[in-house]
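These are the residues of each chain, in order.
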Amino acid sequence: MIRINDILDRVASYSPGVDLDIIDRAYVYSARMHAGQVRLSGEPYLAHPLEVAGILSDMKLDAVSIASGLLHDTLEDTETTDQDLKEMFGEETSHIVAGVSKLSKFSFKTSEERQAESIRRMILAMADDMRVILIKLADRLHNMRTLQFHKPEKQVQIARETLDIYAPLANRLGIFWIKKELEDITFRYLMPEEYAKVETWVAKNQEEREKYIETVREILKKMMEKHGLDAEVLGRHKHFFSIYSKMVDQGLDFEDLYDIIAFRIILNTIKECYEGLGIIHSVWKPIPQRFKDYIGMPKRNMYQSLHTAVIGPFGERVEVQIRTHEMNRIAEEGIAAHWQYKEGLVSDEHGGQQFAWLRRMIKNQQHLKDSREFMDTLKIDLFPDEVYVFTPAGEVREFPKGATPVDFAYSIHSEVGQQCAGAKVNGRMVPLKYKLQTGQRVEVITSPHHKPSKDWLSFVVTSKARTRIRQWIKTTEREKSLLIGKELCEKEFEKHRIPFNAKSKEFQKITEELKFKSSEELLAAIGYGKITPLQAVRKILPKASLEEESETLANKLKKHTHLRKKKPGSGILVSGADDIMIRFGKCCNPIPGDPVVGYITRGRGVTVHRVGCISTLKIDPERKIELSWAEDIQRTHPANISIVCHNKIGLLADITAAISKADSNILDARIQAGGIDRHAECVFTIEVTDTKQLDKIIRNLKRVKHVVNVKRQL
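The residue numbering used here restarts from 1 in each chain and proceeds along that chain's sequence as written. Local features in this predicted model are restricted to residues of pLDDT 70 or higher, and side-chain atom pairs are both shown and tallied only at a pLDDT of 80 or more, whereas totals for entire chains, interfaces and linings draw on every residue. Values reported for side chains reflect all heavy atoms of the structure, with hydrogen atoms and water molecules removed beforehand.

Focus: the overall build of the chain
Note the cut-off: A run of H or I in DSSP counts as a helix once it spans at least four residues, and a run of E counts as a strand once it spans at least two, with each numbered from the N terminus. Exposure is judged per residue with a 1.4 Å probe applied to protein chains only, and the accessible area is read against the type maximum: over 50% gives exposed, under 20% gives buried, and values in between give partly exposed. Any pair of residues with heavy atoms lying within 4.5 Å of one another is described as a contacting pair. Under the convention used here, a 1.4 Å probe and the Shrake-Rupley method define accessible areas, while residue burial counts only the protein chains that appear.
Counting secondary structure elements, the chain contains 27 helices and 20 strands. The buried share of the chain, taken over its 714 residues, is 49%. A separation of at least 24 residues holds for 66% of the contacts in the chain among residues at least 6 apart in sequence. Total accessible area on the chain stands at roughly 36100 Å², and carbon and sulfur atoms take up 52% of it.

So, helix H2 (residues 21–33)
For clarity, the cut-off: Helices are assigned an expected span. That span is 1.5 Å times one less than the residue count. Each direction from the helix axis to a C-beta atom contributes to the arc, which is the arc of those directions.
Look at H2: 18 Å from first C-alpha to last across 13 residues, which is about the 18 Å you get at 1.5 Å a residue. Buried within H2 we find Ile22, Ile23, Ala26, Tyr29, Ser30 and Met33. Taken end-on, H2 shows its buried residues confined to a sector of 130°, consistent with a single buried face. The secondary structure elements touched by the buried residues of H2 are helix H1 (4–14), helix H3 (47–58), helix H4 (63–71), helix H5 (74–77), helix H6 (82–89) and helix H7 (91–100).

Observations regarding the side chain of Thr391
Locating Thr391 in the fold gives a position in the loop between strand S7 (386–390) and strand S8 (396–400). When its relative accessible area of 9% is taken as the criterion, Thr391 is described as buried.

Quick notes on the pairing of strand S2 (residues 261–267)
For a regular strand, side chains alternate in direction, first toward one face of the sheet and then toward the other. For clarity, the cut-off: Two strands form a pair only when DSSP identifies at least two bridges running between them.
Across the seven residues of S2, seven count as buried, placing the element largely inside the fold. Taking every second residue as pointing to the same face, both faces of S2 are buried, with Ile261, Phe263, Ile265 and Leu267 on one and Ala262, Arg264 and Ile266 on the other. Bridge count between S2 and strand S6 (residues 317–324): six bridges; the pairing is parallel. Counted as the bridge partner of Ile265 is Ile322 from S6.

Structural notes on the sheet that holds strand S9 (residues 420–425)
Here is the rule we go by: Interaxial angles span 0 to 180 degrees and are taken between N-to-C directions of axes, which are lines fitted to C-alpha atoms, for helices over the stretch in contact.
Pairing within the open sheet is antiparallel, and its three strands lie in the order S10-S9-S11. Both outer strands of the open sheet, strand S10 (428–430) and strand S11 (442–446), are each paired with one neighbouring strand and no more. The average undirected angle you get between the axes of adjacent strands in this sheet is 35°. In the sheet, S9 pairs with S10 via three bridges, with the strands oriented antiparallel. Bridging from a neighbouring strand, Ala423 pairs with Val430 of S10. In the packing of helix H19 (residues 405–412) onto the sheet, contacts are made with S9, S10 and S11, and the angle to S11 comes to roughly 80°.

Quick look at unusual backbone geometry
Here Phe314, not a glycine, exhibits a phi torsion of approximately 65°, which is positive. Counting through the fold element by element, Phe314 comes out in the loop between strand S5 (306–311) and S6.

Brief notes about the nonpolar core
To keep it simple, the criterion reads: By nonpolar core we mean a set of buried residues, namely Ala, Val, Leu, Ile, Met, Phe, Trp, Tyr and Cys, connected to one another through side-chain atoms within 4.5 Å.
Core analysis: the biggest nonpolar cluster contains 92 residues, and Ile23, Met59, Leu220, Ile265, Ile280 and Ile322 have the highest contact counts within it. Of all hydrophobic cores here, the second largest spans 24 residues; its members include Ala403, Tyr410, Val425 and Val461.

Remarks on the packing of aromatic side chains
Under the convention used in this document: Here a pair means two rings of Phe, Tyr or Trp (six-membered ring of Trp) with centres within 6.5 Å. Their orientation is stacked below 30 degrees between planes, edge-to-face above 60, and tilted elsewhere.
All chains considered together, the criterion is met by 13 aromatic pairs. For the pair Phe493 and Phe500, a centre-to-centre distance of 5.2 Å together with 70° between the ring planes defines the contact as edge-to-face. Relative to Trp629, the ring of Phe584 has its centre 6.0 Å away and its plane inclined at 10°; by these criteria the two rings are stacked. Here Phe584, found in strand S13 (residues 582–584), pairs with Trp629, found in strand S16 (residues 624–629); they are 45 residues apart in sequence, far enough to count as distant. Per residue, the accessibility class of Phe584 equals that of Trp629, and both read buried. Every member of this aromatic cluster is reached through a ring pair, and the members are Phe187, Tyr195, Phe240, Phe241 and Tyr244.

Thoughts on the pairing of strand S15 (residues 606–610)
Among the five residues that make up S15, four are buried, leaving the element largely enclosed by the rest of the structure. The sheet contact formed by S13 and S15 spans three bridges and is parallel. What sits directly across from Arg583, in S15, is Thr607.

Comments concerning the sheet that holds strand S20 (residues 707–713)
The four strands are arranged S18-S19-S17-S20 in an open sheet whose pairing can be described as antiparallel. The strands lining the two open edges of the sheet, one partner per strand, are strand S18 (666–673) and S20. Each adjacent strand pair in this sheet contributes to an overall mean axis angle of 15°, direction not counted. When strand S17 (residues 637–646) meets S20, the two strands line up antiparallel, connected through six bridges. Counted as the bridge partner of Ser642 is Lys711 from S20. On top of the sheet, helix H27 (residues 691–702) reaches S17, strand S19 (679–688) and S20; it is set at about 165° to S20, its chief contact.

Written out as C-alpha cells, the structure is:
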C-alpha cells in the first residue's frame, strides 16, 4: 500500500513550493471517516483512496485533485455531508467530490438504469471541472487492479462496463497508459482463455525478440545521429488486448502478426520529425497505405505523431512512430497534461482546441433525459477513429469514422441538417448514407421542403446529428399521437354517450387521476398506445355502468371460452403481466438472460430489443417500457454465432458436434471459405433457451482445435 509521505514527496517533486497542507488534511480526515471499514480484499478501506491519490500523482495533478482523490468516497460511504467538505476543504474540493460520487441516495428500477445515470452525471460534471473524470478514471483503475476479490459474475459486469466506457474515455482523453492497463485487465476477465493464449505467445521467444528490439533500436539511433539528429529511440511490445484485437480484425494467427513490436523516435522539433521520416523512408522501403500524419492532422484527444511501417532489417516489417518530446508527453499524459498546476496558476479548461470535442459532446448530450439513451449516444461519441474532410470553402472538418454527408450537414448547422436533400463528394453525387473518407471535399444540397427521415438514424454516427433527428421525430410523432389520441377518445366517449372536450373539467379530472401533467400529455399517451381510451372513460363513468359493463364482458368471455386457446408464453413480463402481445426484434434476437427493453408499437403490441441494440437508438424514449424475463420459460430462441477457423478437413463435423453436445439445434448455417490465409468464417443460427446455454456452446466451440475465435453475432 502506498504511503501518504510517498504521495507528498511525489507532488513536491513535480510542483515545487506548492502548499501540501490540503493533501495532509484530506488524508487525516479520510482516515478518520473510513476507520473500521474494510475492502473485499480484507485491507483497510483507506488503502483505496490512498492508491487513487497515488495514481493522480502519477498524472502530476494539482494538490486540490490529490485531496479530492483522498476524499472521493466520503460522501457516499461515510456520514460526511457536502457542507462538511465545503467548510473544511473549500468549495472547489467539495464540487469535485460531489461530481465523482455515485447515486446512493436515489432509487432506480434496475441496476443498469442506476449505473447509466451514475455515468451520465459523471460525464456532465466534466462540463464544470475536468478533474472529475480524471479522479473517476483513477478510481476505476484501482478497482480493476483489485477485481479478483469480486464474484465471477460481478467481475464480468465491471469489466464489460470498463471496456465499453472507461477505456474509451481514457483513450479520448489521451491518457494511453491508463487505457492500455484497463484494456488488458478487462481482457483477462472477459476472455480468460484468449488472454492466456496471447500471454503464452508473447512469452515464447521473448529473449530473442528483446535482442531484435535492441538491434533495431541501435540501427535507428545511428541512422539519426549520422544526419545530425539528437534522437531518443525506444522499442516496446504492444499490450495484450491490442495484439488480440489485431488478430481478430485481420483474421491472423499470432505468428503472422508483424507489428506486435513498435519503435518510437523522439526528436526536438517538428521539422526534425519530418526529416527523420525522410531518412527512414530513404533507407527502408515504406509499406503502402501505412503512413499517417497525426502532426499535420492531430487526433481529437490531442495526440500528435508520424506513423509509418517499413520493411526493415532482416526483411521484417517494422512500425515506427516519430514525435517531439512535448508530443510524447501529451501522448502519455493526454488531457491531464493540460490540467497540471503551478502555484497560483489555474489551467483554463474552457480554452484551447484540445477541449473543443469534449465541450461539443457535453453540449449535445445535456438535454437527453433518458439515461440509457444517453449511454447509447455516449458510446458513439467515444468512437476512436477519425476522418478529415473539407468544406467547399476549404475548411477542415473532423468526424468519427463512418460519418456520412448527413453528419456533415448537421455539423454546419441544425437547419442545414434538417433540410439536407442530397450531397456531392469531390463533385460527384453520393447517397446520404455514403461513408466519408479523409481528404474528400463535401458539399450539401438543401431543400426548404425536405424533412429528416427516421432511416437516417440507422447510419448517422455523430451525437449532434442523432439527437437533432430524434428531436424532430419526437416532435412530429407527438403531433400525430395527439391527433390519434383525440380521435380515439372522441370515439370511446361517444360510445358511452359522453360528450368529449379535452378542456372540460371532467377531462382535467381524468388527467389528474391518471397522473398526467396536462390533457395534452394524456392524449399523446393514448395516441402512443401507452394507455387505452377506455381507461380514461372509466374514470368518469357511473359505478352502475361499470358493473353492467363488467358483467356483460364476463358473460361474453364465459360464452366463448371453448373457442379460446392459450398461446405459448413469450417469456417476457410487462409490469408483472405476461398477457401482452410480444414480438422479438429480428435485428438483435434477444434471448433470456439478455438485458432487454420494450418498444410500444401501434397495433402490434410490444417489440423486445436487447439493451444497446442499434434499433433502440431510433426509438422515441416515451415509447420505451421496462421489461423482464419470466422465471419459467419453456420456449427456445434463435441466436447467431460467428466462428473464425482454419479451413481444415473434418472441422465442420467437430463444430456441429460441439453445438449438439450442448443440446442445441442448428436452424441455419452459412460458410465462407477464406483465401490465401486459409481461414473460413461460419455463421450458425442455433436454438437456445437462455444466455447460459449460449455461453456453454461458445466455450465448447473455443475448445475445438483450429477454431480461432467465436462470438455471438447480432
